[in-house]
Amino acid sequence: MADTTDFRNGFTMRLDGELWQIVKFQHVKPGKGGAFVRTTLKNIRTGRVVDKTFRAGEKVQQARIERREHQFLYEDAMGMHFMNMEDYSQFALTAESVAKREFLKEGGMIDILFHAETEAPLLAELPKSVELRIVQSDPGVRGDTATGATKLAKLESGATINVPLFISEGDLVRVNTDTGAYITRVAE
């Protein structure tokens, strides 16, 4: 059992039969009355976010979550299929369990969160940035590069992002998966 002094961002607990992860927390010591901890919790399975207040020192049941790197194989009617690169075991997750899947290409690496006690896969998280190739983009207009203008480009994963005009088809670019924004062109 853990208590509120163990709280930190990313701390995972079992609450009301569900697994919740702390997104943010704040210890509050009012001038009158007892101290408490104000938290924002995210349900690991559903992604639902709620606010919850705990009394200082309140006990909670900590859940151990393990992060393991897997390779994305393919997607079909059963879900998205992944393979563990150490023992080559495979499993499928529902598409809803994979956040920002529009930036995931076949053969790409992704972190899968597992519940340590049950070994059940919970959800998948892409890295903060990925490198993808531009497969479709209109040519930039000569002379417009000084304005900082952008154009739409389609990535090999199927996502569409805004890129600077000097980017052309076949270029490898780094993309921020949180915002979906172009970061830089990658030298090959």
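Residues numbered from 1 in each chain as written. Predicted model: local features only at pLDDT ≥ 70, side-chain atom pairs only at ≥ 80, totals over all residues. Heavy atoms only, no water.

1. Considerations on the overall build of the protein
A tally of helices and strands in the protein yields zero helices and 16 strands. Across its three principal directions, the C-alpha atoms of the protein cover 65 × 45 × 25 Å. Looking at the protein residue by residue over its 188 residues, the buried ones come to 37%. Accessible surface, the protein as shown: approximately 11,200 Å² in total, 47% of it carbon and sulfur. Computed over 25 positive and 27 negative side-chain charges, the separation of the two mean positions in the protein equals 9 Å. (Helix = DSSP H or I, 4+ residues; strand = E, 2+ residues; numbered from the N terminus. Buried < 20%, exposed > 50% of the residue type's maximum accessible area, 1.4 Å probe, protein only. Areas by Shrake-Rupley, 256 points an atom, 1.4 Å probe, with all protein chains shown as cover. Lys, Arg positive; Asp, Glu negative; His and termini not counted. Charge placed at Lys NZ, Arg CZ, Asp CG, Glu CD.)

2. A word on the packing of aromatic side chains
Per the counting criterion, the structure on display carries five aromatic pairs. Residues Phe 7 and Phe 11 carry aromatic rings whose centres are separated by 5.5 Å and whose planes lie at 45° to one another, so their mutual orientation is tilted. By relative accessible area, Phe 7 is classed as buried at 5%. A relative accessible area of 1% places Phe 11 in the buried class. Judged by centre distance (5.6 Å) and plane angle (50°), the ring pair of Phe 72 and Phe 82 falls under tilted. (Phe/Tyr/Trp six-rings, centres within 6.5 Å; stacked < 30°, edge-to-face > 60°.)

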